[in-house]
Amino acid sequence: MEDPGGGGLPLRPGPEDPIRGMIYSLERLEEHARALAASQVLSRIPSRGRSLFPRLQSNARALQHSHDEITLALRQKRVVASAAEWLVDNHHVLDEQLRGIRNDLPGHYYRELPKLAGGPLEGYPRVYGIAWDYVAHTDSRFDPESLLRFVQAYQGRAPLNLGELWALAISLRLVLVENLRRLAEWVLHWQDARREADRLADRLLGLRTPEAARGVLRRLEQAPLPAAFVVQLVHRLREQDPAVTPVLGWLLERVAAQGTTVDDLVSLEHARQAATNVTVSNVITSMRSVSFFDWERFVEEASLVEAALRRHAGYAALDFGTRDRYRHAVEELAKGSGIPELGVAERAVALARAQDGAGEAGQSRAAADPGYYLLGPGRRALERELRFRVPLARRFRRAYLAFATPGYLGTLALPPSLTTLLSGRLLRLSPPALHLLQLAAVAGREVAHAVLEAAVGPGLADPLDEALAAKLLLEQGPGYRFRHPLYREALYQGLSLARRAALHGEVARALEAAYRADLAPHTEALAHHYRRAGQAERALEYLLKAGERATAVYDHPAALERYREALELGLAGEARARVWERIGDAHRATGDVRQALAAYREALEGAPAPAALYRKLALTAILATDMDGAAAYLAQAQARTGPGPLERARLLLVQALYHWHWHELEQAAAEAHEALQLAEAQGAGVEVQQAYELLALSYLPMGRWEEGLRYELKRGLAGWSPEVALATDAHLCLWEYHVYGEDPYQQAQAFIRRVQEHAQAVGDLRCVAVCHYALGSMEFLRTNLQEAARHLGRALELHHRIGSPAGEAYTLAREALLRTARGELEAGWRAVERGLEAAAQAAVRDHCLMRLYAAGLWNRLEARDRARAERLARAGLDLEAQGTLCPVCSVQFYPALAAFRLEQGELEDALAYARKAQKLAETFRNQPGLAQASWVEGRALAARGELEAARWAYRQAEAGFRSLGHAYDLALVLSSLAQLPGEQAHAAEARRLLAALRSG
């Protein structure tokens, strides 16, 4: 890292730019796809392309190096960017991606992909270029609908082959890894620049004369100055010793010579950091999504070959495996003939249509199916027409495809040699041995001895010996497999549909008998066999159990996949409603309340709904800010709730949350208290914790401080977790009570971090977001602005992703205060504006607005923007007139309003609002609120000429903020105090605090 020549900054070379272009709307993305298809030219010889593996290995090494450097910085307690923590926290996600890429892209498959003949990605697969452009213009955010439309638009100009469609998943992963490497290197570059700026500032601040400072700067005369370096150096040197003042002048000149200004560089650097945070978050999220996405369904929706085959009436009725064999046959014929895949598919369909209505003979009926030409006896005729040349290595595979097609029965024949061999062996078997082999064929690739024993009974030994002696089965550990997969396939395809269904049922019952003690590991297999047996209700039972099993280990995507399979059973009524309810539960567990609400509403369509479903609908509607819907669902739940005490308690808890959101605190507390009594009497631990939660939420804003904290403590001692929390968003308000005093502050931090770890483990993003908000707020109040920005940035990203407008509004209010404290006034105002937009959609709208009006007033007062400040003040007073203010949030609003009235010269109003804030703060034992109100009161008294009273008020505020460790607020108080006679010595401490704050 040192610069031996002494010329310039010792920084590593500038990293490559992230893969990030203009973010397009869906319609613009489609236009771009069509333009891309028209511009790309393909190489004539695909096998001569460039390999992606060397770059993949390089990316893996670079990302590991970045991880190591960031981890070292964290251990040394150096400041790192928010994006850096994302990289460290999600390194395991990257490892999974790298392993998957190495396993899923064999070299021969890669070589067959069409390659680009020009452009910056020349020699790489065309599909890699498509993935690159998609990632660039979506900011690395994977969305199935946009990807499908992008690919479909591209194919409007240039069709993709099936191999390319299948390779799109791994191409996206490759591009995401590439982008993550570039982003990680930008993070390291930022850290380097910041560290060098700190080193230079430390050296300069140790000098005593301007001449010595100029000497230090000589080595930088010709070096370009990175934006991050300039921003950090300016932060460190502002308001420092006069000896370094010439350095600032020199720095301004250097920046001007680069064609910009310091303010522009500050804005640019903050925008770059914010963009990097968002993109890193998108990359990590997309990596997870790509891994869980149903690519089989995507390929079928995107494939032009699939669309052509679906024009034949019978094709859509085939199962996925059979359709996939049709498509593989198309691929093979296209490669061996030089005719595009779409042309091959269209020709097979045309030949089949030509036979429609040709007669009732079996051969004629068979010839009316495209499979006859792709996989059956008509294959050779199609090959001759296409001038297909069969490579020797593929002949055996062709033989297999010629008969192993579940969707094409009765017309396919085994290769003659295999027919003779298998028929001879089967004819010599006894009926019990043949039945055993049929069971084994239906069971799958392998079948356990215990399953065969349960299916056949005590007489298993003889038929099993017979099958082994015929060399059709082999022993495989504690079970058996067919000596060759073709044997199993041939046996399976030789069964009639009715016989197959019966055997699947036998296998399912055998699994139940063999593993009666623990069926959990076999739920997916049981669901499969019962589904094939035509027993949809039994299949549903096991799919639901499989979903429960996945949920138990917090694998919510897997649970959703099982429930979607259950929907495909075509059940109606109560069964359908059960599935949709489970889907809603899975979405609510991850904090996706809008999807959960939609699923619960689907459940209502299935059958008469019980009270429990209406309770879930009401709770989810509250969290999704649909308060009218919540009221309607609560009424339905109340009408259906039975006399049982636990059912009554559960209803009361949701009613309490509803009334809390309307600020009807007495009603909420009464309902929560009744629910607590009922739940305790029943020994219902979850409901008891939920009652503690709602009692704490209700009593604290009512001023019943001791009661509220007692229930909050009980909630923590009871082992609170996000799985039982009813009102995660409500804790945006409740956390305010955790940040007063050193001990409560440390205890609260530890408690919130425990909750956050649990929430991350169970996948509850809503709770994780609230914890980040709480930690960010606490760090802000303690003036740890870098940590505050990191936590608030995470909170904002997560709240936006899960669709929590209340969370966005609260977080943006806090971010606005942070930006104002840093002197970034316009960025702070933009945060207020975005917050007001989010607040309009929030259930706790009034709470959000009070905080945003307060943050906006402080920001606009600092910017001397009286017009906007006036509008905010008027809006806050209108809200006050409606009588819906939250006492916690009002303590933040009234001091800001008092400061605004003071600026207008309305001293009496200013004093009245400051004292109103004091009274509320004293009632609720809100120490920061009391200190802030005392500071504003002091300013009003000083303006009235009551200097001793002002001095006393300032001293009260100073003592409060010193005890709390709120350095920024303390600096503001000291600046005001220094304006009183005899108090000028406080000005130096105020300047020092502000300089330290803005350099961090």
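As annotated in an unreviewed UniProt entry, the protein chain is TOMM system kinase/cyclase fusion protein from Calidithermus terrae.

**Q** Describe the overall build of the protein chain, and please don't skip the residues or the numbers.
**A** Within the protein chain one finds 51 helices and 3 strands. Out of the 1000 residues belonging to the protein chain, those deemed buried represent 55%. Put simply, of all contacts in the protein chain between residues at least 6 apart along the chain, 70% involve residues at least 24 apart. For the protein chain, the exposed surface amounts to about 42,500 Å²; the carbon and sulfur share of it is 51%.

**Q** Lay out unusual backbone geometry with the relevant residues and their values.
**A** Peptide bonds are, in most cases, trans, and in most cases residues other than glycine have a negative phi. For Asp-139, which is not glycine, the phi torsion reads 55° and is therefore positive. The topology assignment puts Asp-139 in the loop between helix 6 (126-136) and helix 7 (144-155). The buried category is assigned to Asp-139, whose relative accessible area is 13%. Backbone geometry at Lys-471 places phi at a positive 60°, although glycine is not the residue there. For Lys-471, a relative accessible area of 49% translates into the label partly exposed.

**Q** Would you mind going over the nonpolar core in detail, with residue names and values included?
**A** Within the largest apolar cluster, 97 residues are counted, with the highest numbers of intra-cluster contacts made by Leu-437, Leu-473 and Phe-482. For this core, the leading source of residues is helix 34 (residues 645-661), giving 9 residues. Not counting the four nearest positions on each side in its chain, Leu-473 is found in contact with Leu-436, Leu-437, Leu-464, Ala-467, Leu-468, Tyr-480, Arg-481, Phe-482 and Arg-483. By size, the runner-up hydrophobic cluster in this structure holds 93 residues, among which are Leu-29, Ala-84, Leu-148 and Ala-352.

**Q** Got a sec to walk through the pattern of salt bridges? Specific residues and values, please.
**A** Taken as a whole, this structure holds 58 salt bridges when the rule is applied. A salt bridge links Glu-548 to Arg-582, with the nearest nitrogen and oxygen atoms 3.0 Å apart. Residue Glu-548 is located in helix 28 (residues 536-552), and its partner Arg-582 is located in helix 30 (residues 573-589); the two are separated by 34 residues in the primary sequence. Here Arg-955 ties to Glu-983 by a salt bridge, and the two come within 3.0 Å at their closest N and O atoms. In this pair, Arg-955 is assigned in helix 49 (residues 947-964) and Glu-983 in the loop between helix 50 (967-977) and helix 51 (986-999), connecting sequence segments 28 residues apart. Residue Arg-955 is classed as partly exposed on the basis of its relative accessible area, which comes to 34%. When salt bridges with common partners are traced through the structure, they connect Glu-948, Arg-951, Arg-955, Glu-958, Arg-962, Glu-983, Glu-989 and Arg-992 into a single cluster.

**Q** Tell me about the packing of helix 26 (residues 497-514) against helix 27 (residues 523-532), and name the residues and values.
**A** Axis separation between helix 26 and helix 27 bottoms out at 7 Å; the angle between their running directions is 150°. Taken as axis vectors, helix 26 and helix 27 run roughly antiparallel relative to one another. In the packing of helix 26 onto helix 27, the handedness of the crossing is left-handed. Counting all contacts with helix 26, which are made through Ala-501, His-504, Val-507, Ala-508, Arg-509, Leu-511 and Glu-512, the residues of helix 27 involved are Ala-525, Leu-526, His-528, His-529, Tyr-530 and Arg-532. For the contact of helix 26 with helix 27, the class distribution of residues is 7 nonpolar, 3 polar and 3 charged.

**Q** Which residues make up the pairing of strand 3 (residues 479-482), and what values do they have?
**A** Here strand 1 (residues 446-448) pairs with strand 3 via 3 bridges, running antiparallel. Opposite Val-447, over in strand 3, you have Tyr-480 as the bridge partner. Bridge count between strand 2 (residues 473-476) and strand 3: 4 bridges; the pairing is antiparallel. What sits directly across from Glu-475, in strand 3, is Tyr-480. Taking the residues between adjacent antiparallel strands as the criterion, strand 2 and strand 3 are bridged by 2 residues, where Gly-477 takes a positive phi near 60°.

**Q** Mind laying out the confidence of the model for the protein chain, listing which residues take part and the relevant values?
**A** Scored by pLDDT, the protein chain has a mean of 81; 83% of the residues are at 70 or more. Ranking the elements of the protein chain by mean pLDDT puts helix 20 (residues 395-401) last, at 44, and helix 6 first, at 94. Of the regions scoring below 50 in pLDDT, residues 1-8 engages in 13 contacts with residues more than four places distant in sequence or in other chains. Taken together, the stretch residues 396-417 has pLDDT below 50 and engages in 65 contacts with residues farther than four places along the chain or on a different chain.

**Q** Could you give an account of helix 26, naming the residues involved and the relevant values?
**A** Since the α-helix packs 3.6 residues into each turn, any two residues three or four apart lie on the same face. In this model helix 26 runs 26 Å from its N-terminal to its C-terminal C-alpha over 18 residues, within 8% of the 26 Å that 1.5 Å per residue would give. Summarising the contacts, the buried residues of helix 26 are in contact with helix 22 (431-443), helix 23 (449-456), helix 25 (485-493), helix 27 and helix 28.

**Q** Describe the side chain of Asp-369, naming the residues involved and giving the relevant values.
**A** With respect to the helices and strands, the residue Asp-369 is situated in the loop between helix 17 (362-367) and helix 18 (370-374). Within the structure, the side chain of Asp-369 is placed 2.6 Å from the backbone nitrogen of Gly-371, a separation counted as a polar contact.

**Q** Describe the packing of helix 2 (residues 53-75) against helix 8 (residues 162-205), and please don't skip the residues or the numbers.
**A** Two numbers describe a pair of packed helices, the interaxial angle and the distance between the axes. Packing of helix 2 against helix 8 brings their axes to within 9 Å, and their N-to-C directions diverge by 35°. By crossing handedness, the relation of helix 2 to helix 8 is classed as left-handed. Contacts between helix 2 and helix 8 involve Arg-55, Leu-56, Ser-58, Asn-59, Ala-62, Leu-63, His-65, Ser-66, Glu-69, Ile-70 and Ala-73 from the former and Leu-174, Val-177, Glu-178, Leu-180, Arg-181, Ala-184, Glu-185, Val-187, Leu-188 and Gln-191 from the latter. The residue makeup of the contact of helix 2 with helix 8, split by class, is 11 nonpolar, 5 polar and 5 charged.

**Q** A description of the sheet that holds strand 2 should follow, citing residues and the corresponding values.
**A** Across the sheet, which stays open at both edges, the 3 strands sit in the order 1-3-2 with antiparallel pairing between neighbours. Every interior strand has two partners, whereas the edge strands, strand 1 and strand 2, have only one. Strand-to-strand twist of the sheet, defined as the mean angle between neighbouring strand axes without regard to direction, takes the value 30°. Relative to strand 1, helix 23 is tilted by about 70°, and along the sheet it contacts strand 1 and strand 3. Against the sheet, helix 24 (residues 461-469) engages strand 2 and strand 3, with an angle of about 105° to strand 2.

Definitions and limits used
- Residues numbered from 1 in each chain as written.
- Predicted model: local features only at pLDDT ≥ 70, side-chain atom pairs only at ≥ 80, totals over all residues.
- Heavy atoms only, no water.
- Helix = DSSP H or I, 4+ residues; strand = E, 2+ residues; numbered from the N terminus.
- Buried < 20%, exposed > 50% of the residue type's maximum accessible area, 1.4 Å probe, protein only.
- Contact = heavy atoms within 4.5 Å.
- Areas by Shrake-Rupley, 256 points an atom, 1.4 Å probe, with all protein chains shown as cover.
- Core = buried A, V, L, I, M, F, W, Y, C linked by side-chain atoms within 4.5 Å.
- Salt bridge = Lys/Arg side-chain N within 4 Å of Asp/Glu carboxyl O.
- Axes fitted to C-alpha atoms, helices over the stretch in contact; angles between N-to-C directions.
- Parallel < 35°, antiparallel > 145°, perpendicular 65-115°, else oblique.
- Left-handed = near helix turned anticlockwise from the far one by under 90°.
- Nonpolar A, V, L, I, M, F, W, Y, C, P; charged D, E, K, R; others polar.
- Pairing = 2+ DSSP bridges.
- pLDDT = per-residue confidence, 0-100.
- Expected span 1.5 Å × (residues − 1).
- Polar contact = N/O pair within 3.5 Å; in protein donor to acceptor, adjacent residues only side chain to side chain.

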